Amino acid sequence: MLPSGPQPAAVRVHDGVIAAVLAYDAPSTVDVDLGDVALLPGLVDTHVHVNEPGRTEWEGFATATRAAAAGGVTTIVDMPLNSLPPTTSVAALQEKKAAATGQCHVDVGFWGGAVPGNAPDLVPLHEAGVFGFKSFLIDSGVPEFPPLDPAGLRAAMSTVDALFIVHAEDPSAVSDPGPTRRFADFEASRPGAGEARAVAAVIDAARATGARAHILHLSAAAALPLIAAARADGVRITAETCPHYLTLSADEVPDGATEFKCCPPIRDDANRDALWAGLADGTVHCVVSDHSPCTPDLKRPETGDFGAAWGGIASVQLGLPVMWSEARRRGFGLDDVVRWMAAHPAALAGLRGKGRIEVGADADLTAFAPDEEFLVEPAALHHRHPVTPYAGKRLHGVVRHVWLRGVPVDGTTPRGRFLTHE
Ligand SMILES: [Zn+2]
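What counts and how
- Residues numbered from 1 in each chain as written.
- Predicted model: local features only at pLDDT ≥ 70, side-chain atom pairs only at ≥ 80, totals over all residues.
- Heavy atoms only, no water.
- Helix = DSSP H or I, 4+ residues; strand = E, 2+ residues; numbered from the N terminus.
- Buried < 20%, exposed > 50% of the residue type's maximum accessible area, 1.4 Å probe, protein only.
- Donors = N, O, S within 2.8 Å, 3.2 Å for Na, K, Ca; no water.

Asker: Can you tell me about unusual backbone geometry, naming the residues and giving the values?
Answerer: Look at the link from glutamate 52 to proline 53: it is a cis peptide, with omega at 0 degrees. Among the secondary structure elements, proline 53 is positioned in the loop between strand S4 (43-48) and helix H1 (61-70). At aspartate 290, a position not held by glycine, the phi torsion is positive, near 50 degrees. By the secondary structure assignment, aspartate 290 is in the loop between strand S12 (286-287) and helix H10 (296-299). Of the residues examined, aspartate 290 reaches a relative accessible area of 8% and is grouped as buried. Not every positive phi belongs to a glycine, and arginine 405 is a case in point at roughly 45 degrees. Position of arginine 405 relative to the elements: it lies in the loop between strand S14 (394-404) and strand S15 (407-408). Here arginine 405 falls in the buried class, since its relative accessible area comes to 14%.

Shown next as structure tokens:
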């Protein structure tokens, strides 16, 4: 899968880097002949919550990166929250790197966090290599990572010349669903209109400051026209969505099935179709996992209460086949999926050596059998607590082999490196 599309080819690797892209039958010392299996650039997942240190019982670097590699993902960028301390200072970044050292099976970069009061930390954190700054406009779910208000977001954007990635939901539109086993009650408590209102606030902040902004995990199709119009107007704004918003529907969530809970929520069929249209026309240009696991007792309380359950869907290992199964049904090609899940996330983070099979890029490669099918069995998942809303689904596309800088990832020897913004 080359940047120009699929074609028969051979990839020559030297010192971990793609040295040449040749004709399939070019003479060489052939090491691996994949036949009809697709060779993709390793995927780049810029939205992963590893949670270590501090909440390592939820997820950790060894398990998260093993799951990533099993799913064809060779680069992750870790979110600044849910670990303790959150990555809101250089000291916290150093603690996180110390915790991750020697555990990573894929390459790992880090986002920093912009929270009330840490303005003096933003420039040093950026200089220390974080890819940009995450902030929330609503309660994040953990007390140590409080939200900014729109004025605070603007102030942060004016403090450092960096990418700002934002969880955009407007708190005034969100209510407490109370204890409920009905997904519809939970979804109604976080309406699409609240997302659209917060997206408008992010657009205003990006417009006023000239900063680069990115909307995380867009769920509400109502925000698409705002993003498209702002971009046409020259505002530096991009957006991502996630496999669950594109493939699951609110109408199919059984009562009490809190493994489907995430924030913002999965919405209805019409919304899902509109998100696909937004991907097709380029309004949304990345698809990333928002892999956000926790312990099973928090994810699936015995009461089946959507109000109490932790919000987050852990899918770094399943994103590619989940997306590919639905994309092919809707008439998209594997080249589209690779653009959304490799090239564009790499570009978002400014990772020039990732996400494409091209001379000079890192030889991060995924062999993927697109026509093979498999049944999702939680026991086959490598993240720490294999709870998944995809259990029992039959999916298309099997990851056969993964190489990180030319070396097969075996899940035993961690060869991942830390990445810093270029
Ligand atoms: Zn997230």
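Asker: Would you mind going over the coordination of the zinc ion in detail, with residue names and values included?
Answerer: The protein atoms that coordinate the zinc ion are His47 (NE2), His49 (NE2) and Asp290 (OD), at distances spanning 2.1 to 2.2 Å. On the primary sequence, the residues serving as donors to the zinc ion are separated as H-x1-H-x240-D. With histidine 47 in strand S4 and aspartate 290 in the loop between S12 and H10, this residue pair connects regions lying 243 residues apart in the sequence. Overall, histidine 47 belongs to the buried group, its relative accessible area being 0%.

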